[in-house]
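What follows is the residue order along each chain.
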Amino acid sequence: MNKYSCKEIRLDISNICNLSCPLCPNTNRRNKKTEEKHLMSFENFKKLVDNIDSFVETISIGTKHEALLNDNIFLMTKYLHNKYPDTDINLLSNFNFNYNTEDIIKSGITNIIIGLDGIDQESYSKYRVGGNFNNVLQNIKQIQEYKNRYNLNIPTLTISFIVFSHNEHLIPKAKDLFSSLGINIFFRRTDYHDGYESWLPKNFHNEQTEEENKDINKNIICQDPFNILDIDTFGNILPCCAEEALNYFVGNIFEDKLSTIWNGIKLKQIRDFLISKQTENDNIPCKFCPVYKNNGYTNYVKFEN
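So, here is what we can say about the structure in this document. From a predicted model like this one, the values you see are computed outputs, not experimental measurements. (Residues numbered from 1 in each chain as written. Predicted model: local features only at pLDDT ≥ 70, side-chain atom pairs only at ≥ 80, totals over all residues. Heavy atoms only, no water.)

Let's talk about the packing of aromatic side chains
So, point 1. Enumeration over the complete set of coordinates arrives at nine aromatic pairs.
So, point 2. For the ring pair Phe95 and Tyr99, a centre distance of 5.5 Å and an interplane angle of 50° mean the geometry is tilted. The pair formed by Phe95 and Tyr99 is uniform in burial state, with each residue classed as buried.
So, point 3. By way of ring pairs, the aromatic residues Tyr127, Phe164 and Trp199 are connected into one cluster.
So, point 4. The ring of Tyr248 has Lys266 lying over it, and the distance from NZ or CZ to the ring centre is 5.2 Å.
So, point 5. The residue whose ring lies beneath Arg271 is Trp262, and the NZ or CZ to ring-centre distance is 4.4 Å. (Phe/Tyr/Trp six-rings, centres within 6.5 Å; stacked < 30°, edge-to-face > 60°. Buried < 20%, exposed > 50% of the residue type's maximum accessible area, 1.4 Å probe, protein only. Lys NZ or Arg CZ within 6 Å of the ring centre and 35° of its normal.)

Examining the pattern of salt bridges
So, point 1. For the coordinates displayed, the defined rule picks out seven salt bridges.
So, point 2. With a shortest N-O distance of 2.7 Å, Asp224 and Arg10 are connected by a salt bridge. On the criterion of sequence distance, the pair formed by Asp224 in helix α9 (residues 224–227) and Arg10 in strand β1 (residues 8–11) is long-range, its members being 214 residues apart. Each member of the pair Asp224 and Arg10 is classed as buried.
So, point 3. A network of salt bridges, in which partner residues are shared, links Arg10, Asp224 and Asp230. (Salt bridge = Lys/Arg side-chain N within 4 Å of Asp/Glu carboxyl O. Helix = DSSP H or I, 4+ residues; strand = E, 2+ residues; numbered from the N terminus.)

A word on the side chain of Asp232
So, point 1. Tracing the sequence through the fold places Asp232 in the loop between β7 (228–231) and β8 (236–238).
So, point 2. There is no salt bridge for the buried Asp232, and the closest opposite charge comes from Lys64, which lies 8.6 Å off by N-O distance.
So, point 3. Within the structure, Asp232 has its side chain in polar contact with the backbone nitrogen of Asn236 (distance 2.9 Å).
So, point 4. Setting aside its immediate chain neighbours within four residues, Asp232 contacts Asp12, Met40, Leu238 and Phe249. (Lys, Arg positive; Asp, Glu negative; His and termini not counted. Polar contact = N/O pair within 3.5 Å; in protein donor to acceptor, adjacent residues only side chain to side chain. Contact = heavy atoms within 4.5 Å.)

Some remarks on helix α6 (residues 133–149)
So, point 1. With 17 residues, α6 extends 24 Å between its outermost C-alpha atoms, agreeing within 8% with the 24 Å of an ideal straight helix rising 1.5 Å per residue.
So, point 2. Every buried residue belonging to α6 is among Phe133, Val136, Leu137, Asn139, Ile140, Ile143, Gln144, Tyr146 and Lys147, and all of these are buried.
So, point 3. N-cap assignment for α6: the residue whose side-chain oxygen lies 3.1 Å from the backbone N of Asn134 is Asn132.
So, point 4. One or two positions beyond α6, positive phi appears at Asn151, with a value near 55°. (Expected span 1.5 Å × (residues − 1).)

Comments concerning unusual backbone geometry
So, point 1. Between Ile154 and Pro155 the backbone carries a cis peptide bond, its omega angle lying at 5°.
So, point 2. Relative to the assigned elements, Pro155 resides in the loop between α6 and β5 (156–162).
So, point 3. One non-glycine residue, Phe95, lies in positive phi territory at about 65°.
So, point 4. Mapping Phe95 onto the fold places it in the loop between β3 (88–93) and α4 (101–105).
So, point 5. Look at Asn151: it is not a glycine, yet its phi comes out positive at around 55°.
So, point 6. Here Asn151 is to be found in the loop between α6 and β5.
So, point 7. For Asn151, a relative accessible area of 68% gives the class exposed.

Some thoughts on the nonpolar core
So, point 1. Grouped together as the largest cluster of nonpolar side chains are 74 residues, with contacts concentrated most on Leu11, Phe95, Ile104 and Ile140.
So, point 2. A total of six residues in this core trace back to one element, the largest contributor, which is α6.
So, point 3. Ignoring anything within four residues of it in the chain, the contact list for Phe95 reads Glu66, Leu68, Ile104, Ile112, Ile114, Val136, Asn139, Ile140 and Ile143. (Core = buried A, V, L, I, M, F, W, Y, C linked by side-chain atoms within 4.5 Å.)

That is the geometry; function is a separate question.
Okay, here's the thing in structure tokens:
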């Protein structure tokens, strides 16, 4: 019996994005390679949800690509919420879209994490290339106003602010701006994608929160294969979100139950390798991952109102 349980699923329902961020985790976009557009269908999404046969605490939608480009997103999240009402549904988005505020409020989405790394158009668009800061801010305000009008707590909004050399000095102003809107913000670095060195801040360093520190097994560098699964738009399941694992499929959620994949031989081999540092499988993606090679973690500093 597997003593580990899948606590989170990170899911993409789109393989495209409307922005061109220089350090995007989508390798093709970062390298300016075209990729054939693919949006997960509602029918396939239902297969995915129906094959989740054990409780998952959190399902995060839009981890590498923009989920709001899939017109069925709110239909999908409603289906997911109705089937698993106790599962938190996270939406990760750059939020550069026009939508009906009531649709998103009633979608079943629990938390919205918005990628926004500036306090005005100039500071924002240096990294979020193609984005409109004022549009994002207006969308945020509309949701907060709707929640205040009807005394709602959900969905919560959180700003994910990547700290670079050009915006490091704006951290205090960013705290003030989003505190005034009643929104939490967390600050983090991105240290693992090609070309990151020229973007690094001089003084800001990732810190580990007390809660994360309790969860980390000090003998294991990467926690993902013990807690998390990543799913692409084709239903392929990956052991993590790293580029080194993009073509290392451990199963397909359209074809098999979650428990079958979670307890399968491929994930077991990865876990055994991370524990023992030994493997007979030369294709284990962890061996080539900078997180493993650098003995590092990707954590963040959170600022709460």
